[in-house]
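Chain by chain, the residues:
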Amino acid sequence: MRQFAFWLALPVVGGFLVQGNAYALTILCFMLIYGVLAMATTICTGHAGQVTLAQAGFFAIGAYASVLMTLDLHMPFAVGFVVAIIVSAASGYALGYPILRVRGHFLGLITLAFTQVVYEVALHWESLTGGFNGLYGMQKPELPIPGIDTLYGFVLILTAYWFATLVASDNLVRSRYGRAMHMLKASEWGAQACGINVARFKSDAFAISAALCGGAGAFYGHFIGYIGPDSFTLDVSITAIAMCILGGVTDLRGAILGSILLTFLNEPLRNYPLYQPVLYAAVILLAIILLPGGIVPSLARMLERRR
């Protein structure tokens with residue numbers, strides 16, 4: 001519980017210290033949103049061994065589901081958030097079942113195609129998604145606490161989801177269910193020989209990852225106040241993967257650390273969008289060469305050797 005308390009204190013105390021500074025709180029929100037995407041990638045790719053580029057697609061599905069619930073049906077954010085998770089999880093199952101026999105790079109290509117299909121649907125289904133103009137006018141959820149900064153209140157709500165994702169994901173990967181899921185990465189044939197239902201665990205990995213991405217998308221849509229097709233390009237998936245590779249694709253702490261580092265590194269490059277892909281490529285290459293496995297696993301191995 002100590003490590004959980006430390007991770008929880010980071011955004012809560014950090015946000016309190018910069019309360020009133022909209023720029024710093026905005027960076028913190030992006031850090032938390034991408035932290036959830038990175039943890040979702042860790043579960044699906046790092047533990048279940050399913051290479052995926054579908055994060056942006058599930059992210060978009062969750063955002064549109066939540067925003068449409070609040071704008072068209074006038075539902076509160078809580079209802080839209082739950083619907084976003086359910087719809088995204090269903091999309092994960094729908095994607096997982098048809099590709100059960102596919103693995104490796106071919107699986108990555110199919111999930112890449114899924115992200116592109118979601119983008120095209122968001123672009124051309126104008127009656128539902130607004131097309132290129134997108135949807136706007138969403139309000140941030142607020143905490144009914146007098147005297148608290150509105151944006152900091154949103155940070156606290158987002159932190160609750162981020163922290164719940166961390167605790168639930170950690171319990172999942174440490175459980176018997178998580179260890180069975182991890183066997184898929186080592187050997188699908190071996191997992192099947194041990195009596196593990198490979199098809200079920202693959203679909204579950206996609207559904208869990210999709211649900212987490214959908215919840216992050218719901219928060220993103222209400223935080224930005226606008227969503228459009230350009231908000232959910234392949235760059236979202238590449239960023240989540242880069243965060244995991246930098247911090248450690250098999251470690252949840254690595255996913256969080258990677259999201260913190262890349263969010264800070266991304267800020268100076270916002271005025272130079274052409275250089276962002278170059279930065280991500282350089283980060284991935286350097287991490288693979290200098291820190292195989294990521295920062296957190298590499299540091300853990302170094303400490304173990306010194307002991």
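Here goes a summary of the coordinates provided.

So, how was this worked out
- Residues numbered from 1 in each chain as written.
- Predicted model: local features only at pLDDT ≥ 70, side-chain atom pairs only at ≥ 80, totals over all residues.
- Heavy atoms only, no water.
- Helix = DSSP H or I, 4+ residues; strand = E, 2+ residues; numbered from the N terminus.
- Rg over C-alpha atoms; globule rule 2.2 N^0.38 Å.
- Contact = heavy atoms within 4.5 Å.
- Areas by Shrake-Rupley, 256 points an atom, 1.4 Å probe, with all protein chains shown as cover.
- Lys, Arg positive; Asp, Glu negative; His and termini not counted.
- Charge placed at Lys NZ, Arg CZ, Asp CG, Glu CD.
- Polar contact = N/O pair within 3.5 Å; in protein donor to acceptor, adjacent residues only side chain to side chain.
- Axes fitted to C-alpha atoms, helices over the stretch in contact; angles between N-to-C directions.
- Left-handed = near helix turned anticlockwise from the far one by under 90°.
- Nonpolar A, V, L, I, M, F, W, Y, C, P; charged D, E, K, R; others polar.
- Expected span 1.5 Å × (residues − 1).
- Salt bridge = Lys/Arg side-chain N within 4 Å of Asp/Glu carboxyl O.
- Buried < 20%, exposed > 50% of the residue type's maximum accessible area, 1.4 Å probe, protein only.
- Patch = residues over 30% accessible without salt bridge, like charges linked within 9 Å, V, L, I, M, F, W, Y side chains within 5 Å.
- Phe/Tyr/Trp six-rings, centres within 6.5 Å; stacked < 30°, edge-to-face > 60°.
- Lys NZ or Arg CZ within 6 Å of the ring centre and 35° of its normal.

**Observations regarding the overall build of the chain**
Okay, step 1: Regarding its fold elements, the chain presents 14 helices and 2 strands.
Okay, step 2: For 307 residues, the compact-globule formula gives about 19 Å, and the C-alpha radius of gyration of the chain, at 19 Å, lands near that figure.
Okay, step 3: Each of the three principal axes of the chain carries a C-alpha extent, and together these read 55 × 45 × 40 Å.
Okay, step 4: For the chain, the proportion of contacts with a sequence separation of at least 24, taken over those separated by at least 6, is 77%.
Okay, step 5: A total accessible area of about 14900 Å² is found for the chain, and carbon and sulfur atoms account for 68% of it.
Okay, step 6: Looking at charge distribution, the chain has the averaged site of its 16 positive side-chain charges lying 18 Å from that of its 13 negative ones.

**Describing the side chain of Gln55**
Okay, step 1: Here Gln55 lies in helix α3 (residues 55-71).
Okay, step 2: A polar contact of 2.9 Å, which involves the side chain of Gln55, links it to the side chain of Thr41.
Okay, step 3: The residues touching Gln55, leaving out its near neighbours within four places in the chain, are Thr41, Cys213, Ser237, Ala240 and Ile241.

**What about the packing of α3 against helix α11 (residues 234-247)?**
Okay, step 1: Close contact between α3 and α11 brings their axes to 7 Å; oriented N to C, the two are set at 120°. As α3 runs across α11, the sense of the crossing is right-handed. Where α3 approaches α11, its residues Gln55, Ala56 and Phe59 are matched on the opposing element by Val236, Ser237, Ala240 and Ile241.
Okay, step 2: Of the residues that constitute the contact of α3 with α11, the class distribution is 5 nonpolar, 2 polar and no charged.

**Points about helix α4 (residues 77-96)**
Okay, step 1: If you check α4, its first and last C-alpha atoms are 28 Å apart, about what 20 residues at 1.5 Å a residue would give, namely 28 Å.
Okay, step 2: Elements in contact with the buried residues of α4: α3, α5 (105-124), α7 (150-174) and α10 (198-224).

**Concerning the environment of Val198**
Okay, step 1: Following the sequence through the fold, Val198 ends up in helix α10.
Okay, step 2: Taking the C-alpha atoms as reference points, Val198 and Glu188, separated by 10 residues in sequence, lie 6.9 Å from one another.
Okay, step 3: Not counting residues within four places of it along the chain, the set of residues in contact with Val198 comprises Leu184, Glu188, Ala191 and Gln192.

**Side note on the pattern of salt bridges**
Okay, step 1: For the structure on display, the rule yields 3 salt bridges.
Okay, step 2: In this structure, Asp170 and Arg174 form a salt bridge, with 3.0 Å as the shortest nitrogen-oxygen distance. Of this pair, Asp170 and Arg174 both sit in helix α7, 4 residues apart, which is roughly one turn of the helix.
Okay, step 3: Under the relative-accessibility criterion, Asp170 is labelled buried at 12%.
Okay, step 4: Arg174 gets classed as exposed once you look at its relative accessible area, which sits at 54%.
Okay, step 5: Residues Asp204 and Arg200 are paired through a salt bridge, measuring 3.5 Å at the closest nitrogen-oxygen approach. With a gap of 4 residues between them, Asp204 and Arg200 both fall in helix α10, about one helical turn apart.

**Some points on unusual backbone geometry**
Okay, step 1: The phi angle at His74 is positive, at roughly 60°, despite the residue not being glycine.
Okay, step 2: Checked against the element boundaries, His74 lands in the loop between α3 and α4.

**A look at a nonpolar patch on the surface**
Okay, step 1: On the surface, a cluster of nonpolar side chains totalling about 550 Å² of accessible area is made up of Leu285, Leu286, Ile288, Ile289 and Leu290.
Okay, step 2: Tracing the backbone shows Ile288 in helix α13 (residues 276-290).

**Quick look at the environment of Ile227**
Okay, step 1: Of note, Ile227 is situated in strand β2 (residues 226-227).
Okay, step 2: Of the residues examined, Ile227 reaches a relative accessible area of 0% and is grouped as buried.
Okay, step 3: Each C-alpha atom, one on Ile227 and one on Gln3, is 35 Å from the other, the two residues being 224 residues apart in sequence.
Okay, step 4: For Ile227, the contacting residues outside a window of four places in its chain are Ala63, Tyr64, Val67, Gly134, Leu135, Met138, Tyr220, Gly221 and Phe232.

**A short note on the packing of aromatic side chains**
Okay, step 1: With the rule as written, the count across this model stands at 17 aromatic pairs.
Okay, step 2: Residues Phe77 and Phe219 carry aromatic rings whose centres are separated by 5.1 Å and whose planes lie at 65° to one another, so their mutual orientation is edge-to-face. Placement of Phe77 in helix α4 and of Phe219 in helix α10 is noted, with a sequence separation of 142 residues between them. The same class applies to Phe77 and to Phe219, which are both buried.
Okay, step 3: When the ring of Phe154 is compared with that of Phe223, the centres are 5.5 Å apart and the planes differ by 10°; the resulting orientation is stacked. One end of the pair, Phe154, is in helix α7; the other, Phe223, is in helix α10, and 69 residues separate them in sequence. An identical accessibility class is assigned to Phe154 and Phe223; each is buried.
Okay, step 4: Taken together, the ring pairs connect Phe30, Phe59, Tyr64, Phe77, Phe81, Phe154, Tyr161, Phe219, Tyr220, Phe223 and Phe232 into an aromatic cluster.
Okay, step 5: One cation-aromatic arrangement involves Arg200 over Phe201; the distance from NZ or CZ to the ring centre is 5.3 Å.

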